[in-house]
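Here is how the chains run, residue by residue.
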Amino acid sequence: MCPKGKLAGRRTLLCGDAGGFVDAFSREGIAYAIRSGQIAAEKIAEIIKEKRTSSMGSYEKACRKEFDENLQYSHTVSKYIYKFPAQFFNAFIRDDRLLDQLLDIPIMKTTYKKILFNLLRNSYHHLPGLSLKN
Ligand SMILES: Cc1cc2nc3c(=O)[nH]c(=O)nc-3n(C[C@H](O)[C@H](O)[C@H](O)COP(=O)(O)OP(=O)(O)OC[C@H]3O[C@@H](n4cnc5c(N)ncnc54)[C@H](O)[C@@H]3O)c2cc1C
């Protein structure tokens, strides 16, 4: 989840690590730093073009829309994986497809939500601590 604090002031924007955009499972932040920088540039260009009719708040809204869900699910997934590392390690090395999906996260080709639902759907529900109730 993005940090609850403000990500934009009247003349300032927080991008990357400064915005708290870091994956809770892998601790990776480069992709989020690049993407939030791109969003910042887009929003600043819009403000300049529209002669300040839009506000820096649109940056915060766009980042929350794009990052919030995946960062929130990165917490959920890491909670399970770090609690039962051996079982998840085995599940990932036994299933190339699942491992590929995990590696697609840093390049933003898939999301933790999809991985979590695949784990549940593809009979990984026998893994400790992983059930729809949790
Ligand atoms: C050891 C380590 C390994 C990592 N490995 C990975 C990885 O494999 N993959 C991954 O995705 N992420 C990794 N990360 C995280 C990743 O490095 C950060 O998430 C990413 O660099 C954040 O980019 P950023 O631009 O927000 O901040 P930064 O890259 O930290 O850039 C901030 C810049 O601002 C400068 N600065 C600070 N204060 C001031 C000031 N007052 N005035 C002017 N300049 C200032 C700093 O010198 C720095 O150059 C790793 C982090 C660490 C510490």
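Calculation criteria
- Residues numbered from 1 in each chain as written.
- Predicted model: local features only at pLDDT ≥ 70, side-chain atom pairs only at ≥ 80, totals over all residues.
- Heavy atoms only, no water.
- Helix = DSSP H or I, 4+ residues; strand = E, 2+ residues; numbered from the N terminus.
- Contact = heavy atoms within 4.5 Å.
- Buried < 20%, exposed > 50% of the residue type's maximum accessible area, 1.4 Å probe, protein only.
- Arc of directions from axis to C-beta.
- Polar contact = N/O pair within 3.5 Å; in protein donor to acceptor, adjacent residues only side chain to side chain.
- pLDDT = per-residue confidence, 0-100.

A. Summary view of the overall build of the protein. Scanning the protein from terminus to terminus reveals 6 helices and 0 strands. Counted over contacts in the protein with a minimum sequence separation of 6, partners at least 24 positions apart contribute 63%.

B. Highlighting helix H5 (residues 96–104). Turning to H5, its buried residues are Leu98, Gln101 and Leu102. All buried residues of H5 project into a common sector of 100 degrees when viewed along the axis, lining one side. Opposite the buried face of H5, by more than 90 degrees, sit the exposed residues Asp96 and Leu103. Where H5 is buried, its residues meet helix H4 (85–94) and helix H6 (112–121). For H5, the side-chain oxygen to backbone nitrogen distance between the N-cap and Arg97 is 3.0 Å, and the N-cap itself is Asp95.

C. Examining the environment of Ile30 more closely. On the secondary structure map, Ile30 appears in helix H2 (residues 30–49). Among the residues examined, Ile30 registers a relative accessible area of 66% and is labelled exposed. Along the primary structure Ile30 and Ile107 are separated by 77 residues, whereas in three dimensions their C-alpha atoms are 9.7 Å apart.

D. Main features of the confidence of the model for the protein. Per-residue pLDDT for the protein has a mean of 86; in total, 87% of the residues score no lower than 70. Mean pLDDT values for the elements of the protein range from 84 in H6 up to 95 in helix H1 (residues 16–19).

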